[in-house]
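# Summary of the model geometry
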Amino acid sequence: MARIVIDENKCILCGQCVDACPFGALSLTDKVEVSSGCRLCKVCIGVCPVGATDLEEDIVVEGVNKADWNGIMVFVEQQAGKEIHPVALELIGKARSLAGKINHKVSAVIIGDESSKEKAEQLLNYGVDRVYVYAHEELAAFRGDVYANVMEDCIQAEHPSVVLVGATSLGRSLAPMCASRFHTGLTADCTMLDIKDNTDLVQVRPAFGGNIMAQIITTNTRPQFATVRYKVMERAEKCEPHGEIFVREVRPEMLQSGIEVISTETIVRNKSIEEEDVLVVAGRGVKRQEDLQILRDLAEALGGRLCTTRPLVEKGWGDPTEQIGLSGRTVKPKLIITCGVSGAIQFRAGMDGSECIVAINTDQNAPIFNIANYCIVQDLYEFVPKLTAAVRKVKEEEAAR
């Protein structure tokens, strides 16, 4: 671990380092102070006229007093500033489970415009003990450095032991910035979480291409940051509200940013495969790209969507946003039908939470059959058209009634 240090015996308080810092991490009073916003960019070292600024490396971390850090905090993301992202409710569910093991409280942080105060009320219905609201018109659009300022303010005040963030595009940008400010660890894309009696968070994620599941523990620093994919954890159940809402002050310095928002545009959001109830998955058993139409017909007949595995995406036959697996998306549909999918561990980890799994493969020893509810040992080219025809016939009969 490294940090910027100022030699007070050399420093002449000229303020050049303060003016040059691109992150606003330096301040000048009776001495130059370095805040947690420092990114170790070394600009201040280069501009110091007397050589009073230096980078100190290999600092020994003695470890924090873990008793000073209490509670599990969840960052609540808002989709386009209009609704709470479902991953936040999944994180709250997991936070409640973890907190119950160590007798800690669960808190949530919601950042946005004035409408965030109303959404805070919704969070109390899911068993959150405290909701911290930062509401300001300039927080309506996400800016990484500003949101990190806000999160830093809340974490400094509340000292949570664990901070959970959704592994969305926004969360993957915010979490590393927050972790760096506290010089602590961050484990990305966790698939399982547990906690020890001493409040060390056991963070499990795939490593080495998904061939092993690594257990990662942050032992010497706090808070412990982890990002978790959508559809991995169980959503929190509604309960009788008992928590409190705290509206926190948004100070002017928290809104200072190196990012200028010139304009914003709402993009029409297409339904993601994580939200689909029925999925049909194409695997290596599909011989030609045009043969995907056979599976697409089945998906349309079932009112679902066609997805692919990684090998087909690498061939250019599928879109990465419709790829299932550790390197793609994690899904939990009510029904998933895999066609010509062998079922490598990386793929299974992305869909084994599905309610009903139907596997079609010519190899009776395919790993996918180990987790399937229904195993069909047949050629997809023979079986799928028959299944599609049967589904259409049933729907026609239902429509005729």
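Preceding this section is the structure that the text describes.
One structure accompanies this document, and this report is about it. (Residues numbered from 1 in each chain as written. Predicted model: local features only at pLDDT ≥ 70, side-chain atom pairs only at ≥ 80, totals over all residues. Heavy atoms only, no water.)

### Some words on the sheet that holds strand E20 (residues 356-360)
One key point about sheets: their strands pair by backbone hydrogen bonds, in either a parallel or an antiparallel sense. Spatial ordering of the open sheet is given by E18-E17-E19-E20-E21, a layout of five strands whose pairing is parallel. Of all strands in the sheet, those bounded by a partner on one side alone are strand E18 (305-308) and strand E21 (374-376). The average angle at which neighbouring strand axes cross in this sheet is 20°, direction not considered. The pairing of strand E17 (residues 278-282) with E18 spans four bridges and is parallel. (Pairing = 2+ DSSP bridges. Helix = DSSP H or I, 4+ residues; strand = E, 2+ residues; numbered from the N terminus. Axes fitted to C-alpha atoms, helices over the stretch in contact; angles between N-to-C directions.)

### Topic: the pattern of salt bridges
Applying the stated criterion to the full structure yields 22 salt bridges. Of the charged contacts in the structure, one is a salt bridge between Arg 329 and Glu 274, with a shortest N-O distance of 3.3 Å. Pair noted here: Arg 329 is in the loop between helix H8 (310-314) and strand E19 (335-339) and Glu 274 is in the loop between strand E16 (244-247) and E17, with a separation of 55 residues, a long-range link. You can call Arg 329 partly exposed: its relative accessible area is 26%. Given a relative accessible area of 9%, Glu 274 falls into the buried group. Each of Asp 153, Glu 158, Arg 248, Arg 251 and Glu 253 takes part in salt bridges that share partners, so that together they form one network. (Salt bridge = Lys/Arg side-chain N within 4 Å of Asp/Glu carboxyl O. Buried < 20%, exposed > 50% of the residue type's maximum accessible area, 1.4 Å probe, protein only.)

### Brief notes about the sheet that holds strand E12 (residues 192-195)
Taken in spatial order, the three strands of this open sheet run E12-E13-E14, and their pairing is antiparallel. In this open sheet, the two strands that pair with only one neighbour each are E12 and strand E14 (212-216). Ignoring which end each strand starts from, the neighbouring axes of this sheet average 25° apart. As paired elements, E12 and strand E13 (residues 201-207) share four bridges and run antiparallel to each other. The residue bridging Asp 194 from the neighbouring strand is Val 202, located in E13.

### Comments concerning helix H7 (residues 292-301)
Among the residues of H7, those classed as buried are Leu 292, Leu 295, Leu 298, Ala 299 and Ala 301. Of the residues one or two after H7, Gly 303 is the one with positive phi, at around 75°.

### Remarks on the side chain of Arg 305
If you trace the backbone, Arg 305 turns up in strand E18. One polar contact links the side chain of Arg 305 to the main-chain carbonyl oxygen of Lys 271, over a distance of 2.3 Å. When neighbours within four sequence positions are excluded, Arg 305 is seen to be in contact with Lys 271, Ser 272, Ile 273, Glu 276, Val 278, Leu 279, Val 280, Ala 299 and Glu 322. (Polar contact = N/O pair within 3.5 Å; in protein donor to acceptor, adjacent residues only side chain to side chain. Contact = heavy atoms within 4.5 Å.)

### Observations regarding the packing of aromatic side chains
Enumeration over the complete set of coordinates arrives at two aromatic pairs. With 4.9 Å between their ring centres and 80° between their planes, Phe 142 and Tyr 147 make a pair best called edge-to-face. A relative accessible area of 30% places Phe 142 in the partly exposed class. Relative accessible area serves as the criterion here: at 5%, Tyr 147 is assigned to the buried category. Against the face of Phe 23 rests Arg 39, its NZ or CZ located 5.6 Å from the ring centre. Seen from the ring of Trp 317, Lys 315 lies directly overhead, with NZ or CZ sitting 4.6 Å from the centre. (Phe/Tyr/Trp six-rings, centres within 6.5 Å; stacked < 30°, edge-to-face > 60°. Lys NZ or Arg CZ within 6 Å of the ring centre and 35° of its normal.)

### Quick notes on the pairing of strand E1 (residues 3-6)
Alternating positions in E1 separate cleanly, Ile 4 and Ile 6 being buried on one face and Arg 3 and Val 5 remaining unburied on the opposite face. Summarising the sheet, E1 and strand E4 (residues 53-56) pair through four bridges and their orientation is antiparallel. Of the residues in E4, the one forming a bridge with Ile 4 is Leu 55.

### Some thoughts on the layout of surface pockets
Estimates place the volume of the second largest pocket at around 930 Å³. Taken together, 49 residues line the second largest pocket, and the ones lying closest to its centre are Gly 325, Ala 344, Ile 345, Gln 346 and Phe 347. Residue assignment for the lining of the second largest pocket shows that the elements contributing at least two residues are E13, H8, helix H9 (345-348) and helix H10 (380-400). Across the lining of the second largest pocket, the residue classes break down as 19 nonpolar, 19 polar and 11 charged. (1 Å grid on protein atoms, 1.4 Å probe; cavity = no way out; pocket = protein on both sides within 12 Å on 5 of 7 lines; lining within 4 Å. Points joined across faces, edges and corners; volume = space filled by probe spheres on them. Nonpolar A, V, L, I, M, F, W, Y, C, P; charged D, E, K, R; others polar.)

### Considerations on the nonpolar core
Core analysis: the biggest nonpolar cluster contains 36 residues, and Ile 92, Leu 123, Val 131, Leu 164 and Leu 193 have the highest contact counts within it. Broken down by secondary-structure element, the contributors of at least two residues to this core are strand E5 (72-76), helix H3 (86-102), strand E8 (106-112), helix H4 (116-124), strand E9 (130-135), strand E10 (162-166), E12 and strand E15 (224-228). For this core, the element with the highest residue contribution is H3, accounting for nine residues. Apart from residues lying up to four places away in sequence, Val 131 is in contact with Ala 108, Ile 110, Ala 120, Leu 123, Leu 124, Glu 244, Ile 245 and Phe 246. (Core = buried A, V, L, I, M, F, W, Y, C linked by side-chain atoms within 4.5 Å.)

### What to know about H4
Note: α-helices contain 3.6 residues per turn, so residues at a spacing of three or four share the same orientation. All of the buried residues in H4 are Ser 116, Lys 119, Ala 120, Leu 123 and Leu 124. Down the axis of H4, the buried set is contained in an arc of 160°. They therefore lie on one face. (Arc of directions from axis to C-beta.)

Purely geometric numbers; function is a separate question.
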